[in-house]
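Survey of secondary and tertiary structure
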Amino acid sequence: MSRRTELENELETARKRIEEAPKDTPKEVTHLMWKEFNSLSVELNNLYDDDEIDITD
């Protein structure tokens, strides 16, 4: 499995965790869940895929 696929799966899991969190979840926990989601999102957006780049000399 490629790193991009792994990140996409992790991002989806993090999103579901946030959406399905009980309403009485402490703000500190919610903040950490969003922090994880944002971190994964940034990593995915900055991912460098060798296969997508055509470098010709």
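Further up the page is the structure itself.
A brief report on the enclosed structure follows. (Residues numbered from 1 in each chain as written. Predicted model: local features only at pLDDT ≥ 70, side-chain atom pairs only at ≥ 80, totals over all residues. Heavy atoms only, no water.)

**Brief notes about the overall build of the protein chain**
- Scanning the protein chain from terminus to terminus reveals two helices and zero strands.
- With an accessible surface of roughly 4900 Å², the protein chain has 50% of that area assigned to carbon and sulfur atoms. (Helix = DSSP H or I, 4+ residues; strand = E, 2+ residues; numbered from the N terminus. Areas by Shrake-Rupley, 256 points an atom, 1.4 Å probe, with all protein chains shown as cover.)

**Some words on the packing of aromatic side chains**
- Under the criterion given, the structure shown has one aromatic pair.
- Aromatic side chains Trp 34 and Phe 37 sit 5.6 Å apart centroid to centroid with 80 degrees between the ring planes, which places their arrangement in the edge-to-face category. With Trp 34 and Phe 37 both in helix H2 (residues 27-45), this residue pair falls three residues apart, about one helical turn.
- Among the residues examined, Trp 34 registers a relative accessible area of 41% and is labelled partly exposed. (Phe/Tyr/Trp six-rings, centres within 6.5 Å; stacked < 30°, edge-to-face > 60°. Buried < 20%, exposed > 50% of the residue type's maximum accessible area, 1.4 Å probe, protein only.)

**Quick notes on H2**
- Helix length check: H2, at 19 residues, gives a terminal C-alpha distance of 26 Å against a target of 27 Å (1.5 Å per residue), a fit within 8%.
- Every buried residue of H2 is listed here: Met 33, Phe 37, Leu 40 and Leu 44. What you see down the axis of H2 is that its buried residues fit within an arc of 65 degrees, all on one side. Summarising the geometry of H2, the exposed residues directed more than 90 degrees from the buried face are Lys 27, Glu 28, His 31, Leu 32, Lys 35 and Asn 45.
- At its buried positions, H2 is contacted by helix H1 (3-19). (Expected span 1.5 Å × (residues − 1). Arc of directions from axis to C-beta. Contact = heavy atoms within 4.5 Å.)

**What about the pattern of salt bridges?**
- A full pass over the atoms with the stated rule returns six salt bridges.
- Note that Glu 6 is salt-bridged to Arg 3, the shortest N-O span being 3.3 Å. Taken together, the residues span about one helical turn, with Glu 6 and Arg 3 both in helix H1 at a distance of three residues.
- Judged by its relative accessible area of 31%, Glu 6 falls in the partly exposed class.
- Salt-bridge contacts for Arg 3 lead to Glu 10; the nearest nitrogen and oxygen are separated by 3.6 Å.
- Salt bridges here are not isolated pairs; linked through shared partners, they connect Arg 3, Glu 6, Glu 10 and Glu 43. (Salt bridge = Lys/Arg side-chain N within 4 Å of Asp/Glu carboxyl O.)

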